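Spelled out, the chains give:
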Number of protein chains: 2
Amino acid sequence: MNDHLYECLSNVNRRKILYCIGEEEKCVNEISECLDLEQSLTSHHLKDLYECGLIEKKRKGKRIYYKVSEPEIIEILEKGKELGDRLEKRC
Amino acid sequence: MNDHLYECLSNVNRRKILYCIGEEEKCVNEISECLDLEQSLTSHHLKDLYECGLIEKKRKGKRIYYKVSEPEIIEILEKGKELGDRLEKRC
DNA sequence: AATTCATATGAACGATCATTTATATGAGTG
DNA sequence: CACTCATATAAATGATCGTTCATATGAATT
């Protein structure tokens, strides 16, 4: 998984998580609810994102809060999304 | 495969192909040799890239030349690479 | 039209991935 | 200390992906 950024970004749920915590940090439950994903699945994806260095975590009491470590990733995602949309419309 | 750009970019050989034909258009054999990939594997990846809209093809005699359709993709790849490197060094 | 060169395609297979289920860890609370 | 809340992890499974091998297509050449 940790080979390259783009492998980590290839999964739509991981991209959604990045968008979701891009605005403000959130705990695992919030992310799960926000994206309607099972808690354990969210945890798995958070692990991948964390090992890739894309997100940071911080414990506050029982909860663990995650946030994007490099805000630039959101810009890259946006650029990719724009390009993707443009390519689709072409066909 | 055609769901989203990032799924197409997740494979390292496809990314290499994009870099390879980013500078100037090349035929399949040239791409194969350039990246040391089997011809059929190259063709498979070219098909994926083509269906994603990332590349264009043009026949000249026996050969088929491929080029990047949206040069912006190279910039996005570069940005991703820079970010990926930065994230790795952090650890 | 048969042959050759360039590329594409299809089937097969192992490898990796995404998801679910069940369970473990670990911090706070009564 | 027992309990519960929040999160993590491990095992299992089906799905998808990357690659290889064999073969097909299609254009040029003889």
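Note: the structure precedes this text.
First things first, this report covers the structure right here in the doc. (Residues numbered from 1 in each chain as written. Chains lettered and ligands numbered in written order. Predicted model: local features only at pLDDT ≥ 70, side-chain atom pairs only at ≥ 80, totals over all residues. Heavy atoms only, no water.)

Before going further, it helps to spend a moment on unusual backbone geometry. Residues and elements named next belong to chain A. In this model, Asp36 sits at a positive phi of 55°, which is unusual for a non-glycine residue. Within the secondary structure layout, Asp36 lies in the loop between α3 (28–35) and α4 (39–51). Look at Asp36 and you get exposed, because its relative accessible area is 70%. (Helix = DSSP H or I, 4+ residues; strand = E, 2+ residues; numbered from the N terminus. Buried < 20%, exposed > 50% of the residue type's maximum accessible area, 1.4 Å probe, protein only.)

Take the protein's contact with DNA strand D next. The environment of DNA strand D is made up of 23 residues, and the closest members are Gln39(A), Ser43(A), Arg63(A), Tyr66(A) and Ser40(B). For DNA strand D, the backbone portion of the atoms within 4 Å of the protein, that is sugar and phosphate, comes to 69%. Contact between DNA strand D and Gln39(A): a base nitrogen at 2.8 Å from a side-chain N or O atom of the residue. Note that a base nitrogen of DNA strand D is positioned 2.8 Å from one of the side-chain N or O atoms of Ser40(B). Of all elements in the fold, only α3, α4 and β3 (63–68) of chain A together with α2 (12–23) and α4 (39–51) of chain B reach the threshold of two or more residues within the surface near DNA strand D. For the surface near DNA strand D, the residue count by class is five nonpolar, eleven polar and seven charged. (Near = heavy atom within 4 Å. Polar contact = N/O pair within 3.5 Å; in protein donor to acceptor, adjacent residues only side chain to side chain. Nonpolar A, V, L, I, M, F, W, Y, C, P; charged D, E, K, R; others polar.)

By themselves, these observations are geometric and do not establish any function.
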